[in-house]
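A look at the structure
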Amino acid sequence: MAPSTDSNVKGETSQVSYKKDINTKTDRVLQNKKHANDIFDVTEYLQSEKDKEVIFATNACSKIFCQLFYRGDLYVGDLPEEEEDLMKGDRSAEEKYGIFMRHRYNNSVELLLENIGHKAFQVKETSLCALMKFVAAEGKHPLQNLDLSEHYNFPRELLRTLVEHLLSENEDMSLLISRFQEFLEMDDVRYYVMSSVRDNIYRVMGRNKKVSVVVFTLPVFQLFVLFFLYIYAYLFYITKWKVAKLKEHKRAFEQMWLVFLKFKLPSNMYKKILVILHESIMPQMSDPTLLIDFLSAAYDIGGAISLLSLNGLFILIHKHNLDYPDFYKKLYSLLDPSIFHVKYRARFFHLVNIFLSSTHLPAYLVAAFVKRFARLSLTAPPTSLLILLPFICNLIRRHPSCRVLIHRPSTPCDDPYVMEEEDPAQSHALESSLWEIKTLQKHYHPDVAKAAMKINEPLTEQEDDISELLELSTFELMERELKAERKTIPLEFDTATELLKSSREVLGVHFSLE
């Protein structure tokens, strides 16, 4: 039995009907001012329950009002509140028409802003594009009488309201913000969006305590990353860009970040920010030391967030002369068994290698790090040990005063080192020995045992390169073992080739397969 085509025919007829209706009304509005009231029928479709009708009407409104902008048919100036009063009085027909269409434009903008939160992404996207066309049109043909003191002929209020809807407190707008990216290529749009984002952060996070911070911060962070990409890109074209303009953008970029980082963020957002902070954000700031409060608060959270925050703190100490006396004490307190299992293990060892690279560090401090790493190695997985053992040897190479830890005989029973001590100066590490490394010489994994054996030999001045080991995983370690060449060893018995078949084995004598 063939399906009825009546519903399809009705659907096609309906589609043709609304398209024809909208196109007809659009043409009438643009061709003759006497048909201005037809604009009501077009804008009514913006509230339709059918997505296709909303999209088609949005494009029609975009066409109508952009042409009215270019013709100069929209009233310029402040509109009194009551539209009915405007149409009365001693006004020309041209002025009344401009006032009428200006009100219809404002109503259309309100409806398009509402559709930014529509359930259908195509409706959202079409509304966004239409609103940005209005932004461009208002920029070229301002709707306000400009004062000579005005900074720039830019529709800041329209863009601010649009950004407010993009940074929704109720839903994730990340996909729409990705579509918004192309508009950020324009310098003026990017600048005023940064200012709008900053104001919206104050509005949402500063006043509304019930807002879902997770939902709100995701689109904010996404916009921040986009801004960084453009600011950074323009640094390479500074000869084509005025230096003063670049400074203005960087200042807006800095203020936007400082406002955002002022508030308490979700843990996953801390991680995303700290991963890019030292390379992407700090270099673009005129005064990176303003981030000290954020970095200190991030460290107090603990775990991987503390680890990632130390990178930024180290940059402030070494490049911006920040006095942070507890830096190495805080770093020392991060050394616990979890460092071998966190996602940022490779980054951690890379950072610690940089932090402990100075030969001017006191011997007691380096000895405390060496001893703590050695103690943690007793419970570390093989992949971490293959990083840790050459790392310890490198530290001893850099600081010869710590060689006493290798040569001093000691046992676990008489070890003076205090593992629970948080202050490395009070841990008595320099009075201890590396008996833990001696223990690892009998490790079940042959590569670990071999690496631990190196401490028995005189250490060369050349440090071991651990960069290739930082990302070593258990799977890669097993693959390496499986691919390694094996030597044939003579045996005193026959190698079994089939189960229960050897006549010289007990099972083969008493059992057989039938």
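Residues numbered from 1 in each chain as written. Predicted model: local features only at pLDDT ≥ 70, side-chain atom pairs only at ≥ 80, totals over all residues. Heavy atoms only, no water.

You'll find the protein chain entered in an unreviewed UniProt entry as Nucleolar complex protein 4 homolog, with Sinocyclocheilus anshuiensis given as the organism. According to its UniProt record, the protein chain has this under Sequence similarities (unreviewed entry): "Belongs to the CBF/MAK21 family." (UniProt positions renumbered as here; feature names shortened; annotations may be inferred.)

1. What about unusual backbone geometry?
Note on backbone geometry: most residues besides glycine have negative phi, and most peptide bonds are trans. Phi is positive for H428, close to 60 degrees, though the residue is something other than glycine. Of note, H428 is situated in the loop between α19 (404-407) and α20 (435-440). (Helix = DSSP H or I, 4+ residues; strand = E, 2+ residues; numbered from the N terminus.)

2. Looking at the nonpolar core
Ranked by size, the top nonpolar core spans 145 residues in total, and within it V197, I273 and F373 carry the most contacts. Counting the residues that make up this core, at least three belong to each of domain 1 (16-145) and domain 2 (326-509). Excluding its chain neighbours within four sequence positions, the residues that come into contact with F373 are L335, I339, F348, F349, V352, L388, F391 and I392. (Core = buried A, V, L, I, M, F, W, Y, C linked by side-chain atoms within 4.5 Å. Buried < 20%, exposed > 50% of the residue type's maximum accessible area, 1.4 Å probe, protein only. Domains from an automatic or database assignment. Contact = heavy atoms within 4.5 Å.)

3. Considerations on empty space enclosed by the protein
If you walk through the whole model with that rule in mind, you get 1 cavity of 30 Å³ or more. As for the largest cavity, its lining consists of L389, I392, C393, I437, A451, A452 and I455. Where the lining of the largest cavity is concerned, the elements lending two or more residues are α18 (382-398) and α21 (446-453). Looking at the lining of the largest cavity, the element that brings in the most residues is α18, giving 3 residues. (1 Å grid on protein atoms, 1.4 Å probe; cavity = no way out; pocket = protein on both sides within 12 Å on 5 of 7 lines; lining within 4 Å. Points joined across faces, edges and corners; volume = space filled by probe spheres on them.)

4. Section: the UniProt feature "transmembrane region" (unreviewed entry) in the protein chain
Look at the UniProt record and you will see "transmembrane region" (unreviewed entry) annotated at residues 213-237, 294-317, 348-370 and 376-396. Strand forms 0% of residues 294-317 and helix 96%; the C-alpha atoms that close the span are 15 Å apart. Within the segment residues 376-396, helix and strand shares are 76% and 0% respectively, and the terminal C-alpha atoms sit 17 Å apart.

5. Structural notes on the confidence of the model for the protein chain
Per-residue confidence for the protein chain gives a mean pLDDT of 81; residues scoring 70 or more make up 79%. Here residues 1-10 scores under 50 on pLDDT; set against residues more than four positions off or in separate chains, the count is 0 contacts. (pLDDT = per-residue confidence, 0-100.)

6. A closer look at the pattern of salt bridges
If the charged atoms of two oppositely charged side chains come close together, the side chains can form a pair. If you walk through the whole model with that rule in mind, you get 14 salt bridges. Residue R179 is joined to E125 by a salt bridge in which the shortest nitrogen-to-oxygen separation is 2.7 Å. Remark: E125 occurs in helix α6 (residues 121-140) and R179 occurs in helix α8 (residues 174-180); sequence separation between them is 54 residues. The class for R179 is partly exposed, based on a relative accessible area of 23%. The salt bridge involving R375 is made with E436; its shortest N-O contact spans 2.9 Å. (Salt bridge = Lys/Arg side-chain N within 4 Å of Asp/Glu carboxyl O.)

7. What to know about the side chain of T43
You can see T43 is positioned in helix α2 (residues 38-44). Since its relative accessible area comes to 13%, T43 is described here as buried. Here the side chain of T43 touches F40 through a polar contact of 3.1 Å, landing on its backbone oxygen. If sequence neighbours within four positions are ignored, T43 has contacts with C61, S108 and L111. (Polar contact = N/O pair within 3.5 Å; in protein donor to acceptor, adjacent residues only side chain to side chain.)

8. As for the packing of helix α3 (residues 51-71) against α6
α6 packs onto α3 with a crossing angle of 5 degrees between their chain directions and a minimal axis gap of 9 Å. As summarised for this structure, α3 and α6 are arranged roughly parallel, according to the angle between their axes. Between α3 and α6, the contacting residues are D51, V54, I55, T58, N59, C61, S62, F65, C66 and F69 on the first element and Q122, V123, T126, S127, A130, K133, F134, A137 and E138 on the second. For the contact of α3 with α6, a count of residues per class yields 10 nonpolar, 6 polar and 3 charged. (Axes fitted to C-alpha atoms, helices over the stretch in contact; angles between N-to-C directions. Parallel < 35°, antiparallel > 145°, perpendicular 65-115°, else oblique. Nonpolar A, V, L, I, M, F, W, Y, C, P; charged D, E, K, R; others polar.)

9. Focus on the side chain of K124
Within the secondary structure, K124 sits in helix α6. A relative accessible area of 10% means that K124 is categorised as buried. Only 3.5 Å separates the side chain of K124 from the backbone oxygen of H118, close enough to count as a polar contact.

10. Focus: the environment of G72
Secondary-structure assignment places G72 in the loop between α3 and α4 (83-87). Residue class for G72 comes out exposed when judged on its relative accessible area of 53%. Considering only alpha carbons, one finds G72 and L143, 71 residues apart in sequence, at a separation of 9.6 Å.

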